[in-house]
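Take a look at the letters that make up each chain.
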Amino acid sequence: VYKVNLETMKIDGEVQTGPGPWGARLSYDQTRVYTADKGEGPGYNQHGHTSTIIDLQTMGVADVVNIGETTDHALLSPDGKEVWYTSNAEHAIYMHGSALAAQKKYISEPSLQIALNGNGFLQKSMNVVAGQAVRITIKHVAGTSAGKITFKSDDMGIKEISLNPGDSQEVRWTAPASGELKATTNKAANPTLTISVKPPEAKPAPPSNPTGDARVINIKSSQIAWDIAKVELKPGEKVRFNFANGDDEKHNLVGIGEGLNFLSPDLPAGKTASYEWTAPSAPITFKVVCAYHPQMAFTVDVK
C-alpha cells in the first residue's frame, strides 16, 4: 500500500501487506487503513485470507487479522468500532463482537414497513402493540414521475419527512398505551394511514409436561435449500432439530424474531448435528433461515 501526497504528488510511505490486497478502508479519524488481502492466484486458487491493519501515524503494520479466504472488501461500521469483510470464496461476510450482536438484535426488533407511492399510502391501517418499541421504515416506492412524497404524524410525534423516489427513512418509535393514531402524506388519493394501538395478548399457561422428552424434527439441506417448509409446535414445546448438511458450504439455523433465542452452532459441510430449543409460551409464527444463505428458510408456527 502506497501513501501519496496529492499536493506534491510524491510517495510519503509504503507498507507491505498480505498477498494481493484487493480492497481497503480508511478509518473515519484517518488514523488507520484496513486492507482486504485477497491473493492473486488464478481462479479460485487465490489463498489470501488476511486483513492488514496499517497505522497511518507511523506508516507501519499495527496488526494482521486472519479472516475468510479470498477476502475482497472491507466495510467500516458507522460507529467506527467494527470492520466487516466479504469472503469471495466462502460466500460469507465476517463480523465479530458487537457487530454480530447488533445484527442479531436489529433483525429481531419489532418493525413496521410503510410504503408510499403517487397515490399516497399503500396501506390504510396498521396495528401495533401498546408500549412496544418499533422500528418503522418509511419508503417511497413509486417511480420518478411521482416526485417527492411526504410523511407526517403529529399523533406519533414524527415531524414531516420528505422522500425522493426510491428513498427510505428509518424511525425508532415507541407505541403509547392506547389510541388510534393518524399519519398523513401529500398525495391526495390515499392521504391518511391509521395506526391502531392494541393491548398485548395474554400469555397462555405453559404445557403440563414442559420437562418431557424433546420432540425430534429431522431436516436436511441439499443444493442450498432445506427439505421442509413448515414446522408446527405447541407453546412451550421442547424440540430437537437433527439436521444434516448435504451441501459443500456451512449452514446454521437462526430464528428471526424478538426474544426467540433460536441460534444453532454452525454445521460444516457434509456433517450432521443436533440443536435443542424450547418454543415460546405464547403463539407466534416466524422464519428460520441460514445466516450464511438467507434464501434457505422455513416457517415455525407455534400455536
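The preceding data block contains the structure.
Every value quoted in this text rests on a predicted model; they were computed, and no experiment measured them.

> Would you mind going over the nonpolar core in detail, with residue names and values included?
Counting residues in each nonpolar core, the largest one holds 24 residues, and the members touching the most others are Ile-114, Ile-136, Ile-138, Phe-151 and Trp-173. Taken together, the elements giving at least two residues each to this core come down to strand S10 (111-117), strand S12 (125-129), strand S13 (133-140), strand S14 (149-153), strand S15 (158-163), strand S16 (168-174), strand S17 (179-184) and strand S18 (192-198). Grouped together as the second largest cluster of nonpolar side chains are 22 residues, Ile-217, Val-231, Leu-233 and Phe-241 included.

> Please set out the pattern of salt bridges residue by residue, giving values where relevant.
All told, the structure shown has eight salt bridges when counted by the stated rule. Between Glu-237 and Arg-215 there is a salt bridge, with its nearest N and O atoms 3.7 Å apart. Residue Glu-237 is located in the loop between strand S20 (230-233) and strand S21 (238-245), and its partner Arg-215 is located in strand S19 (residues 215-221); the two are separated by 22 residues in the primary sequence. Glu-237 gets classed as buried once you look at its relative accessible area, which sits at 18%. Judged by relative accessible area, Arg-215 falls into the partly exposed class, the value being 36%. Among the charged side chains, a salt-bridge network with shared partners connects Lys-230, Glu-232, Asp-301 and Lys-303.

> Quick rundown of the packing of aromatic side chains? Include the residues and the values.
Applying the stated rule across the entire model yields nine aromatic pairs. Measuring from ring centre to ring centre gives 6.5 Å for Trp-226 and Phe-243, while their planes differ by 80°; the resulting arrangement is edge-to-face. Taken together, the residues span a long stretch of sequence, with Trp-226 in the loop between S19 and S20 and Phe-243 in strand S21 at a distance of 17 residues. Accessibility assignment for this pair places Trp-226 and Phe-243 in one class, buried. Look at Phe-262 and Trp-277: their rings are 4.7 Å apart centre to centre, the planes differ by 55°, and that puts the pair in the tilted class. One end of the pair, Phe-262, is in the loop between strand S22 (254-256) and strand S23 (272-278); the other, Trp-277, is in strand S23, and 15 residues separate them in sequence. Neither residue differs from the other here; Phe-262 and Trp-277 are each classed as buried. Ring pairing ties together the aromatic residues Trp-226, Phe-241, Phe-243, Phe-262, Tyr-275, Trp-277, Phe-286 and Phe-298, which thus form one cluster. Of note, Lys-38 hangs over the ring of Trp-22, and the distance from its end group to the ring centre comes to 3.8 Å.

> I'd love a proper account of the pairing of strand S4 (residues 32-37), names of residues and values included.
Burial analysis of S4 places five of its six residues in the buried class, which makes it a mostly covered element. Turn length for the strand S3 (residues 21-26)-S4 hairpin, with the two strands adjacent in sequence and antiparallel, is five residues, and the turn residue Gln-30 shows positive phi of about 60°.

> Please set out the sheet that holds strand S11 (residues 120-121) residue by residue, giving values where relevant.
The sheet built from four strands is open, its strands ordered S11-S10-S13-S16 with mixed pairing. Lying at the two open borders of the sheet, with one neighbouring strand each, are S11 and S16. Here S10 runs beside S11; their pairing, made up of two bridges, is antiparallel. Residue pairing in the sheet places Leu-116 in a bridge with Phe-121 of S11.

> Outline unusual backbone geometry, supporting the account with residue identities and numerical values.
Phi is positive for Gln-223, which is not a glycine, with a value near 55°. Along the chain, Gln-223 turns up in the loop between S19 and S20. Phi angles above zero are rare outside glycine, and Ile-224 is one such case at about 55°. One can find Ile-224 in the loop between S19 and S20. Exposure remark for Ile-224: the relative accessible area of 23% places this residue in the partly exposed category.

Cut-off values and rules
Going along each chain's sequence as written, the residues are numbered from 1 onward. Local features in a predicted model are, by the rule used here, given only for residues with pLDDT of at least 70; side-chain atom pairs are given and counted only at 80 or more, and totals for whole chains, interfaces and linings are based on all residues. Hydrogens and water are ignored here; the side-chain numbers use all heavy atoms of the structure. In this text, buried Ala, Val, Leu, Ile, Met, Phe, Trp, Tyr and Cys residues form a nonpolar core when linked through side-chain atoms within 4.5 Å. We call a residue buried when its accessible area falls under 20% of the maximum for its residue type, exposed when it is over 50%, and partly exposed in between, using a 1.4 Å probe and counting protein chains only. Secondary structure counts use DSSP, requiring at least four H or I residues in a row for a helix and at least two E residues in a row for a strand, with both numbered from the N terminus. We define a salt bridge as a side-chain nitrogen of Lys or Arg found within 4 Å of a carboxyl oxygen belonging to Asp or Glu. When two rings of Phe, Tyr or Trp (its six-membered ring) have centres within 6.5 Å they constitute a pair, described as stacked for plane angles under 30 degrees, edge-to-face for angles over 60, and tilted for the intermediate range. Here, a charge over a ring means that NZ of Lys or CZ of Arg falls within 6 Å of the ring centre while also lying within 35 degrees of the ring normal. By definition, two strands form a pair when at least two bridges between them are found by DSSP.

Just geometry here; none of it tells us what the structure is for.
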